[in-house]
Amino acid sequence: MAVPILLVTGFLGAGKTTVVNHLLAHAEGQRIAAVVNDFGAINIDAELIAGASDGVVSLANGCICCSLEGDLLRTLSTLLRRDPKPDCIVIETSGVADPADIVRNLMDPVILREAQLETVLCVLDAGTPPSALDDALMRSQLRVADIVALSKLDLAGAGAGVRMREAIRAQRVPAVVVDAHHGEIPPALLFPAGACCSSAPREVGPKRPAEERFEALSWTSDKPVSLPRLQQAISRLAPKLARAKGLFETLEQPGRTMVFQFAAGRATLAPGDAPTPGAARTRIVFIAELGMLSKAELDEVMEACVAGG
Ligand SMILES: Nc1nc2c(ncn2[C@@H]2O[C@H](COP(=O)(O)OP(=O)(O)OP(=O)(O)O)[C@@H](O)[C@H]2O)c(=O)[nH]1
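Residues numbered from 1 in each chain as written. Predicted model: local features only at pLDDT ≥ 70, side-chain atom pairs only at ≥ 80, totals over all residues.

Caption draft 1: Here's a closer look at the overall build of the chain. For the chain, the count of helices and strands is 11 helices and 12 strands. Over its C-alpha atoms the chain spans a radius of gyration of 19 Å, differing by no more than 12% from the 19 Å that the globule rule assigns to 309 residues. Taken along its principal axes, the extent of the C-alpha atoms in the chain is 60 × 45 × 35 Å. Looking at the chain as a whole, 44% of its 309 residues are labelled buried. Partitioning the contacts of the chain with sequence separation of at least 6, the portion at a separation of at least 24 is 78%. (Helix = DSSP H or I, 4+ residues; strand = E, 2+ residues; numbered from the N terminus. Rg over C-alpha atoms; globule rule 2.2 N^0.38 Å. Buried ≥ 20, exposed ≤ 12 C-beta atoms within 10 Å, placed from the backbone. Contact = placed C-beta atoms within 7 Å.)

The following block contains the structure:
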C-alpha cells in the first residue's frame, strides 16, 4: 500500500507550520514523517515543529518547487526506506513555492511506486484582502488545493470567513474550505482512511518559468539582542518585509530562547524551547520582495540590537 503524502502549501506566514505542528501533536500513534522547506538559509521551521529531533527533515536555502527539487525526491526515497516505514508523509512547502511544480515532481515514477500524493492543503490567512487572490502565486496555491484551511479567523474580525469563502468561490477554486483555529484541522480530513490507493493521478498544467520575486536574508549573531532595540529595528524594517521569523536570546532574559514571528504586518514574540547547542544565539530570517531590502541595510539596523551595538 502506497504511503499517503499530504502537501501543505500557502503564502508566506499563512500558518502552514502551525497546521503541521498541530497534526504532529495529534498523530495518535501514526508515524508521520515531515519534510519542511525553509526558503531562507536557516532552518527555523524545523526547530519550530514539535519533536523536530526525530522524523522531521529540513530542506533549507531554496525552494523545493525549483532549486531543491532533487533534494526533495532523495529525501522522500530515504524516508520510504525507513524501517518501519512512515504511515504518512507531510511536506510543508515554503510560502513562495508554486505547488503545481511540486505536484509534478511527485509524479516521479520511482516515488509513485511507494508514495502517492493524497491531499493538497492550502492554508490561507482569513485576513488576506480578497484582491490578493488574483496574485499568480496565490492563485496557483489555491487552484491545486483539495482543501483550503482558513487560518487566523480570530484576528480577521467578524465576517472574514464568509468574505474569504466568497472570494475563493469567485476564483473558481473547487476545494473544500474549512476553518483552522490555530492550526486545528481534523487529521481524518487530511488523511482519509483507505483513500490513498484509489486516488487518480493528478493533472498538472505546464511548467511555469521560475519567478524570482522574493529573497531571504539571514542575520545571525552570537550575542543576545536587546528587546526594545529589536522592536525599534523591526518597526524600521517592517514596511519592507514580506515575512520574518527567528529564534534569539535577549539581554533581558539570557539563557531563554524567544521565537519571533512577523507575518501580514503583525509581529509576535513567544517563549521557545531551550537554546540549541552549537547554534548562534540569534538567528533571524527576513524575506522581502527582490530589491526591497539590502543586506547592508539589514546588517546596519540589526547590529544596533546586540550588546554594544
Ligand atoms: N492568532 C492566530 N495566529 C496564528 C494562527 N495560525 C497561525 N498563526 C500565527 O501566524 C504566524 C505564522 O504562522 P506559521 O505557521 O509560522 O506560518 P507559515 O505559513 O508556516 O510561515 P512560512 O513557512 O514562513 O511561510 C505565527 O506567529 C503563528 O503563531 C491562528 O489561527 N490564529
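Caption draft 2: Focus on helix H1 (residues 16-25). Counting buried residues in H1 gives eight out of 10 residues, a clear majority hidden from the surface. Those residues of H1 that sit buried are Lys16, Thr17, Thr18, Val19, Val20, Asn21, Leu23 and Leu24.

Caption draft 3: The site of the ligand, seen in detail. Neighbouring residues of the ligand: 22 residues in total, closest Gly15, Thr17, Thr18, Gly95 and Gln261. Top element by residues in the shell around the ligand is H1. It accounts for three residues. Residues of the shell around the ligand, tallied by class, amount to four nonpolar, 12 polar and six charged. (Near = placed C-beta within 6 Å. Nonpolar A, V, L, I, M, F, W, Y, C, P; charged D, E, K, R; others polar.)

Caption draft 4: Quick look at the domain arrangement of the chain. What the domain assignment reports for the chain is domain 1 (3-198) and domain 2 (214-303). Taking the mean C-alpha position of each, domain 1 and domain 2 sit 25 Å from one another. With 13 residues of domain 1 in contact, the opposing surface of domain 2 contributes 15 residues. In terms of residues, the side of domain 1 that touches domain 2 owes the most to one element, helix H2 (residues 44-48), which gives three residues. Taken together, the residues that form the side of domain 1 that touches domain 2 break down as seven nonpolar, four polar and two charged. (Domains from an automatic or database assignment.)

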